[in-house]
Amino acid sequence: MTQLSIVQVAVPVPLRREFDFLLPEGHDRSPVPGVRVLVPFGHRRLVGIVTGIVSTGQVPAYSLKRIVSVLDGEPILPAKLVNLVRWAADYYQQPIGIAWQTALPQLLRGKHSLTPNIPEHFVLTDAGMHCDESLDRARVQRRIMDAFAAAPGYCLDAPALKLISRHWRQPVDALMRRDWVRRTPYTEPPASGSQPRDFSLNEDQQEAVDAIESTVNFRAFLLYGITGSGKTEVYLESIRTVVNAGKQALVLVPEISLTPQLVQALRQRFGKSVAVLHSGLAAGERHYNWWRAREGHAPVVLGTRSAVFAPLQRPGLIIVDEEHDTSYKQQDGMRYHARDVAVYRAKLEDVPVVLGSATPSLESMYNTSVARYRRLTLTERAKDSALPRIGYIDMRRTAAQDGVSTILFQALEQRLERSEQSLIFINRRGYAPVWCCYGCGWHAQCERCDAHLTLHQRINKLLCHHCGREQPPQSVCPQCEGVSLGPLGAGTQRLEDGLGKRLPQARIVRIDRDSTRHKGSLENSLTAARNREVDILVGTQLLTKGHDFPYVTLVGVINADQGLYSVDYRATEQLFQQLLQVSGRAGRDIRAGEVLIQTMYPDHPVFRELANHDYTRFADYALSERKSADYPPYSRFALLRAESTRASAALEFLQAARRQLRKHPEHRRIHVMDAVRAPMEKRAGRYRAQLLLSAPDRSALHDALMPWLDWMETWPRSRTVRWSIDIDPVDMY
Ligand code: ADP
Ligand code: ZN
Ligand code: ZN
């Protein structure tokens, strides 16, 4: 009897299974796992990935379709990453086809060839190296020549030139006409020798570096260093060793534009050999950088969330900076946590992984306490600066104007006189969070969400931050027909305007999602701040992450109270992390810093720990609370979400799904809560509900979920709502 090969293929459809196909006509050799194939699917043809091959002597009873064509001659991901994608799909209970989509650069999700279109490369000629003509009247040419002179091998590619100027083509043509620059074929970027720094590591830093450097196999480290303690140097030094040994380092950051210092430092030290991967890149550029990582041409690969799946030819080290940051958790599509995937990947690849933060997640703190991770601590600020003093302003007793209390205002004036910078943090963009009737207290609500509309005064619109809906502000109250309506509360724009009026001499810059929508505007604002061209920075949490502002000596926090009494069990943790991070922006140079926090609850225990900068104590306390409530990391959560345009449909769906789960014996090992309406029930016109499951360990959760979700995928009713499963959920709204 002839053997029949059945090829299993991950197809990009939202089902947690693979599909079987026969080899294409005339093929007798099976493609290997990791190879892309074109398959017929319904009326369409889809690009899928081969995940396995089964040989069988039996022709299956059902008829199998043939693969249309095999797209690759070799797997596009190495075997270990094929396994990583499989693991992630299993662990997070996500469809394998969707997991593959997440893991690949966009172009490779389609039929694009594995080898990218390699961008043009240019190099300085001998004449160019020795030219000393001034280019004063051609500023872009000057900048481009300077960049060539500084580039490893005097070579730049088109994306690098585009970073210098969007209009690089003409000046480069001009330079080529003068024979100073010529085209050159792509070669591997030279492994640029890293530039030395001008200080030596302190004892804590050196100890951390030694521990990391002496590890070649899998080991997870938590680099727990207070703000300004020089974690970046520890990363750079460990990366240098790995690169010198001919291996590659993968560095994950929450958002590229928010960590300009790390990006800059890596570029400075490792030059063109850094391959950057994030969603802001053009598809071709991303594919090219991904390919350089895969071929081993890029010794350092720097990226956001999905870069955790970037293939490396010679992996040596994985770093996750700001590991507590929730943007590592993807909230839609493939729901996974890049930090946790990074740790598992390090295990698969048998390399060390370093998670770094001044305010580590409670999960990571817990993992060090049970010796799963090794803790490396940096206890002091790297420069000779003390941590800032944190004080509270009791808003029940203090007058305020446009959100700023008298005390904070005086402190701002003082900094202005001393030519020092201040930073005002408020977690609300827009002008005012509420548009209300002063007569009867009516508030403008979004029709499609359970949320207030935010006034954006510049465009004179009320915006919903949840669904994007906009409308003009009402001038007549729909409830009492009064005409005295206006803003209540303050957002970033109101602070900026208010302070601008009261301190006309101050140079104020606002940093939030609205002010940074244009490419490069965030970078410009941050550079201006570092060049002391700004007196007051007003911004949202965009300002809290990883920035080194050496001249900021005052940090003001407006309304810190959201999060103190939230329904989300992680809210306090996130508030504490945010406040400690933003406080950490103050006094990073030699001058002492001060933090003033406006609150209605100055006696809240969270604020006491914060004043002592005692994150460890806070974490201990928060963990003990989690333990007594049997919350993660002492248990495992999974959240089944559903939403529908029909009121109650989502809730009823979850109730029915819950009844089905309880028919299955495996459910006894887990705790199934009641299905409830989501805290913000209505969003973008859909009614949302959720069902929380908790389990003592991962396998209990997995065993209960597997058959239940399998059943759900075939349950006709599951097509009447939108549903999703979220393992280790971070956001409970
Ligand atoms: P973190 O990321 O831990 O908040 P950074 O890495 O941004 O801290 O370092 C804070 C500042 O201290 C930076 O300006 C950095 O250049 C400087 N720095 C780091 N290590 C040292 C050191 N050993 N000696 C002097 N300055 C240092
Ligand atoms: Zn009214
Ligand atoms: Zn809305």
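Residues numbered from 1 in each chain as written. Chains lettered and ligands numbered in written order. Predicted model: local features only at pLDDT ≥ 70, side-chain atom pairs only at ≥ 80, totals over all residues. Heavy atoms only, no water.

J.: Run through the side chain of Glu323, naming residues and quoting values.
T.: Looking at the secondary structure, you find Glu323 in the loop between β13 (315-320) and α12 (338-349). Among the polar contacts listed, one links the side chain of Glu323 to the side chain of Ser364, at a separation of 2.8 Å. The contact partners of Glu323, leaving out residues within four places of it in the chain, are Leu222, Tyr328, Arg339, Leu355, Gly356, Ser357, Pro360, Ser361 and Ser364. (Helix = DSSP H or I, 4+ residues; strand = E, 2+ residues; numbered from the N terminus. Polar contact = N/O pair within 3.5 Å; in protein donor to acceptor, adjacent residues only side chain to side chain. Contact = heavy atoms within 4.5 Å.)

J.: Please give an account of the coordination of the zinc ion (ligand 2) that cites residues and values.
T.: Cys437 (SG), Cys440 (SG), Cys477 (SG) and Cys480 (SG) make up the full set of protein donors to the zinc ion (ligand 2), lying at 2.2 to 2.3 Å. Coordination at the zinc ion (ligand 2) is tetrahedral: its 4 donor atoms span angles of 105 to 113 degrees at the metal. What makes Cys477 buried here is its relative accessible area of 1%. For Cys480, a relative accessible area of 38% gives the class partly exposed. (Donors = N, O, S within 2.8 Å, 3.2 Å for Na, K, Ca; no water. Tetrahedral: all angles 85-135°; square planar, octahedral: opposite > 155°, others 65-115°. Buried < 20%, exposed > 50% of the residue type's maximum accessible area, 1.4 Å probe, protein only.)

J.: I'd like a rundown of helix α21 (residues 698-714), residues and numbers included.
T.: Since the α-helix advances by 3.6 residues per turn, residues separated by three or four positions end up pointing in the same direction. Helix length check: α21 (17 residues) gives 24 Å between terminal C-alpha atoms against 24 Å at 1.5 Å per residue, within 8%. For α21, the full list of buried residues reads Ala700, Leu701, His702, Ala704, Leu705, Trp708, Leu709, Met712 and Glu713. Summarising the contacts, the buried residues of α21 are in contact with α1 (79-91), β29 (636-644), α20 (649-663), β32 (686-695) and β33 (722-727). (Expected span 1.5 Å × (residues − 1).)

J.: Which residues make up the packing of aromatic side chains, and what values go with them?
T.: According to the stated counting rule, one finds 18 aromatic pairs in the structure shown. Their ring planes at 70 degrees and their centres at 6.0 Å tell us that Phe122 and Trp168 sit as a pair that is edge-to-face. Taken together, the positions of Phe122 in strand β6 (residues 121-124) and Trp168 in the loop between α6 (158-164) and α7 (169-177) put the pair 46 residues apart, joining distant regions of the chain. Residue Phe122 is classed as buried on the basis of its relative accessible area, which comes to 0%. Among the aromatic residues, those joined into a cluster by ring pairs are Trp87, Tyr91, Tyr92 and Tyr344. Across the ring face of Tyr288, the terminal group of Arg292 is positioned such that the distance to the ring centre comes to 5.5 Å. Across the ring face of Tyr551, the terminal group of Arg532 is positioned such that the distance to the ring centre comes to 4.0 Å. (Phe/Tyr/Trp six-rings, centres within 6.5 Å; stacked < 30°, edge-to-face > 60°. Lys NZ or Arg CZ within 6 Å of the ring centre and 35° of its normal.)

J.: Requested: an account of the domain arrangement of the protein, with residues and values cited.
T.: The domain architecture assigned to the protein consists of domain 1 (6-109), domain 2 (121-184), domain 3 (203-258 + 274-378), domain 4 (389-431 + 490-624) and domain 5 (636-727). Summarising the inter-unit geometry, the C-alpha centres of domain 4 and domain 5 are found 39 Å apart. (Domains from an automatic or database assignment.)

J.: Give a detailed account of the site of ligand 1, specifying residues and quantitative values.
T.: Neighbouring residues of ligand 1: 17 residues in total, closest Gln205, Gly228, Lys231, Thr232 and Asp548. With respect to ligand 1, the backbone of Gly230 contributes an N or O atom lying 3.0 Å from an oxygen atom. Thr232 is positioned such that a nitrogen or oxygen atom in its side chain is 2.8 Å from an oxygen atom of ligand 1. Summarising the interface, the protein chains cover 81% of the accessible area of ligand 1, which totals 570 Å² for the free molecule. More than half of the atoms of ligand 1 fall within 2 Å of the grid points belonging to the second largest pocket. A per-element tally of the shell around ligand 1 places helix α9 (residues 231-244) first, with 3 residues. Among the residues making up the shell around ligand 1, the classes are represented as 4 nonpolar, 8 polar and 5 charged. (Near = heavy atom within 4 Å. Areas by Shrake-Rupley, 256 points an atom, 1.4 Å probe, with all protein chains shown as cover. 1 Å grid on protein atoms, 1.4 Å probe; cavity = no way out; pocket = protein on both sides within 12 Å on 5 of 7 lines; lining within 4 Å. Sits in = over half its atoms within 2 Å of the grid points. Nonpolar A, V, L, I, M, F, W, Y, C, P; charged D, E, K, R; others polar.)

J.: Give me the lowdown on a negative patch on the surface, citing residues and values where you can.
T.: There is a patch of like negative charges on the surface, built from Glu203, Glu207, Asp210 and Glu213. Mapped onto the elements, Asp210 comes out in helix α8 (residues 203-213). The class of Asp210 is partly exposed, set by a relative accessible area of 39%. (Patch = residues over 30% accessible without salt bridge, like charges linked within 9 Å, V, L, I, M, F, W, Y side chains within 5 Å. Salt bridge = Lys/Arg side-chain N within 4 Å of Asp/Glu carboxyl O. Lys, Arg positive; Asp, Glu negative; His and termini not counted. Charge placed at Lys NZ, Arg CZ, Asp CG, Glu CD.)

J.: Describe the sheet that holds strand β19 (residues 421-425), with residues and values.
T.: The sheet built from 6 strands is open, its strands ordered β16-β28-β27-β19-β26-β25 with parallel pairing. Here the strands that pair on one side only, and so sit at the sheet edges, are β16 (389-394) and β25 (508-511). Sheet twist, expressed as the average angle between the axes of neighbouring strands with direction ignored, equals 20 degrees. Direction of pairing for β16 relative to strand β28 (residues 594-599): parallel, over a ladder of 6 bridges. (Pairing = 2+ DSSP bridges. Axes fitted to C-alpha atoms, helices over the stretch in contact; angles between N-to-C directions.)

J.: Give a description of the layout of surface pockets that names residues and reports values.
T.: What the second largest pocket holds in volume is close to 1,000 Å³. Lining the second largest pocket are 38 residues, with Gly230, Thr232, Glu233, Asp548 and Arg588 positioned closest to its centre. Looking at the lining of the second largest pocket, the elements with two or more residues in it are α9 and α10 (260-270). Counting residues per element, the lining of the second largest pocket draws most heavily on α10, at 6 residues. In the lining of the second largest pocket, the residues fall into 10 nonpolar, 15 polar and 13 charged. Of the domains in this structure, domain 3 (203-258 + 274-378) and domain 4 (389-431 + 490-624) are the two that each give at least three residues to the lining of the second largest pocket. (Points joined across faces, edges and corners; volume = space filled by probe spheres on them.)

J.: Please set out the sheet that holds strand β9 (residues 219-225) residue by residue, giving values where relevant.
T.: Judged by pairing direction, the sheet is parallel, and its 7 strands sit side by side in the order β11-β12-β10-β13-β14-β9-β15 without closing on themselves. Of all the strands in the sheet, the pair left with one neighbour each is β11 (274-277) and β15 (374-378). The sheet shows a mean angle of 20 degrees between the axes of neighbouring strands, direction not considered. Strand direction decides the pairing type here: β13 and strand β14 (residues 352-357), joined by 3 bridges, are parallel. Directly across from Ile318, in β14, lies its bridge partner Val353. Against the sheet, α8 contacts β9, β13, β14 and β15, and its axis sits at roughly 155 degrees relative to β15.

J.: Any chance you could break down the side chain of Ser583 for me, citing the residues and the numbers?
T.: Within the element layout of this structure, Ser583 appears in helix α17 (residues 571-583). Residue Ser583 is classed as buried on the basis of its relative accessible area, which comes to 0%. If we ignore the near neighbours within four places in the chain, the residues touching Ser583 are Pro388, Ile390 and Val595.

J.: Talk me through the coordination of the zinc ion (ligand 3); I want residue IDs and the actual numbers.
T.: For the zinc ion (ligand 3), the full set of protein donor atoms is Cys446 (SG), Cys449 (SG), Cys464 (SG) and Cys467 (SG), and the range of their distances to it is 2.2 to 2.4 Å. Bound by 4 donor atoms, the zinc ion (ligand 3) shows angles of 106 to 112 degrees at the metal and therefore tetrahedral coordination geometry. Sequence spacing of the donor residues for the zinc ion (ligand 3), all on one chain, is C-x2-C-x14-C-x2-C. One end of the pair, Cys446, is in the loop between β20 (434-437) and β21 (454-456); the other, Cys464, is in the loop between β22 (461-463) and β23 (470-471), with 18 residues separating them in the sequence. Looking at Cys464, the relative accessible area reads 3%, which means it is buried.

J.: Got a sec to walk through the environment of Gly430? Specific residues and values, please.
T.: Relative to the elements of secondary structure, Gly430 occurs in the loop between β19 and β20. Given the relative accessible area of 0%, Gly430 is considered buried. Once the C-alpha coordinates of Gly430 and Trp708 are considered, the two residues, 278 residues apart in sequence, prove to be 44 Å apart. Once residues within four sequence positions are removed from consideration, Gly430 is found in contact with Thr454, Leu455, His456, Gly491, Thr492, Gln493, Arg494 and Asp514.

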